[in-house]
Structures are given as structure tokens and as C-alpha cells.
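# Coordinate inspection notes
Here is what each chain is made of, one letter per residue.
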Amino acid sequence: MPFSSAPALEEFVSEAVDLRSVPTRRYIGPHPFMEKLRKAVPFDFFAVSGLDLDGYRFGSGHSIDTDLPPAFLDAYYGDNLLKTDPFVQASVTATEVVIEERVYEETPPPQRLIYLARTFGVLNRTLFPVRRGDVVFGAVTFSRTTPFGDDEISFLTDQAEVTHRVITRPIMEKFSAQTMKLSDGEIACLRYASLGKTTDDIATASGYTPDTVNSYIKTAIRKLGAYNRVHAIAEAIRRGIIR
């Protein structure tokens, strides 16, 4: 399916039977959160890359939600510019903000990319890595015809993580537990624990024995890559596994 004829993100997610069936490129129309952010720091286009899931982290698997012009992306991917775009190459290993202009000073872009960027107004791309601990799992990129100022970059840096979480929420809510293979029991015990319940409280509420509750929570901690019960609850909430 051409990108230009793609339905909205919610339609992609609702129709997908598993994560693999979700298209890697997803167009986002007007979004309430992004429109509020745009009022704080004006920008022309945005792109949210990566998912906090194995195989889909930024720089490995490919996942992008964006309002970039579909015709621009059709041409960009059709010409395989992903492999020759210096900005993308610099972004793959980035742990700090990546500014297009500075990248181009070191590595000039191909002429085809310059033409497409000018034609569609995709200029001054600025990328903000999103990490969990030391792991960079995604990124948020903004572009506009004029460069972003230092104060604007500082503000967008602070907003990058929540922006990524808001935009990818429909996918994470549906597929994170499935992808991480958390069982129903593990999710239930985490949900009770998030309410402040002790092991004995969870056992009473769930019908599991205390030993089973502790076992479920320990395996959930391991699967989530967490340090302890509190960290696991925070991770499960952030990933949309529990609310």
C-alpha cells in the first residue's frame, strides 16, 4: 500500500492482528497533543521513530509515525535515501540532540535529498533521542524552514519522552504485553501491586497463593528489565501494559 493512501494510525492498530502486521510507516493527521506542542514551539513537521520493544528500537527495527508529506516519504524511501542520508546515519548512534545543519557541515547530503527537502519544505531537521536508562529506544524529530533556537531545543528536549509516549501509545497498549510475553497472571499481579497492595493483599484479591504472586512479580520484573517491584510497576504503566 502506498504511504500516501495509508489510513490513520488508530485504523492501522485496530486492524492489526499482531505487531508485525502494523505498517512500519504510519501517517498521523492533526493530533491534539502535537497541536498544543506546536503552539509552544512552532514546527512544520514531526516524526516519532522507534518503539520500546525488542526489534523495534531506534536504529534496529524500523517504525515511524509522522505528518511529513506522504509524497516526500514516497520519494525518500523510493530512492532509498534512508541509507545515504547523513542526518539519519548520525542519528542511529546518537545519545544527544542531532541538528541537521551541523551534520551537513561534516557530511554533505546527496543532491536528490536536497531537492526533495527544498521542494517539500522539510528543512532544519532536529532529532531528540528518547532513552530508558542507558538504552536509546526511540527518537522524536522536528523540522521547520527556520532553525530552532537554543531555548526551543531545550524545551523540545524536555518534551521528547512524553511526545514519544503519547504518539506510540495505541501501539504500545495493544502489543507491549504480547511482545514482551507477560502472562495474564503477571499483569494482574502488577496491576494489584500498582494499587499499593502487599503480596498477601494480592493473593487475597487474585486467588493466587502468596508464593505464586511473588513468582509472577519476579518474572515480570525480569521481562521488563526492571530493578525491583516499584520499577517494574513504573515500566508497566509507562509502556501501557497496566493503567
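Refer to the structure presented above.
Reference entry: report on the structure contained in this document. It should be emphasised that the depicted structure is a prediction, and the values quoted were computed from it without experimental measurement.

### Re helix α2 (residues 32-40)
Residues of α2 that are buried include every one of Met-34, Leu-37 and Arg-38, and no others. For α2, the arc enclosing every buried residue in end-on projection is 105 degrees, short of the 170-degree limit, so these residues lie on one face. Facing away from the buried side of α2 by more than 90 degrees, the exposed set consists of Pro-32, Lys-36 and Lys-39.

### Some remarks on the packing of helix α3 (residues 70-78) against helix α6 (residues 111-120)
Contact geometry for α3 and α6: axes closest at 10 Å, N-to-C directions at 175 degrees. It follows from the interaxial angle that α3 and α6 lie roughly antiparallel. Contact residues: α3 offers Ala-71, Phe-72, Ala-75 and Tyr-76, while α6 offers Arg-112, Leu-113, Leu-116, Ala-117 and Phe-120. Looking at the contact of α3 with α6, its residues break down into eight nonpolar, no polar and one charged.

### What about the environment of Thr-141?
Here Thr-141 shows up in strand β6 (residues 135-143). For the pair formed by Thr-141 and Val-48, sequence separation is 93 residues and the distance between their alpha carbons is 6.4 Å. Aside from chain neighbours lying at most four places away, what touches Thr-141 is Phe-45, Phe-46, Ala-47, Phe-87, Arg-125, Thr-126 and Leu-127.

### Considerations on the packing of aromatic side chains
As enumerated under the stated definition, the model contains seven aromatic pairs in all. Centroid distance Tyr-76 to Tyr-77: 5.5 Å. Interplanar angle 75 degrees. Geometry classified as edge-to-face. Cluster of aromatic residues (ring-pair linked, three or more members): Phe-43, Phe-46, Phe-128 and Phe-142.

Criteria and thresholds
Residues numbered from 1 in each chain as written. Predicted model: local features only at pLDDT ≥ 70, side-chain atom pairs only at ≥ 80, totals over all residues. Heavy atoms only, no water. Buried < 20%, exposed > 50% of the residue type's maximum accessible area, 1.4 Å probe, protein only. Helix = DSSP H or I, 4+ residues; strand = E, 2+ residues; numbered from the N terminus. Arc of directions from axis to C-beta. Axes fitted to C-alpha atoms, helices over the stretch in contact; angles between N-to-C directions. Parallel < 35°, antiparallel > 145°, perpendicular 65-115°, else oblique. Contact = heavy atoms within 4.5 Å. Nonpolar A, V, L, I, M, F, W, Y, C, P; charged D, E, K, R; others polar. Phe/Tyr/Trp six-rings, centres within 6.5 Å; stacked < 30°, edge-to-face > 60°.

Keep in mind these values describe shape, not function.
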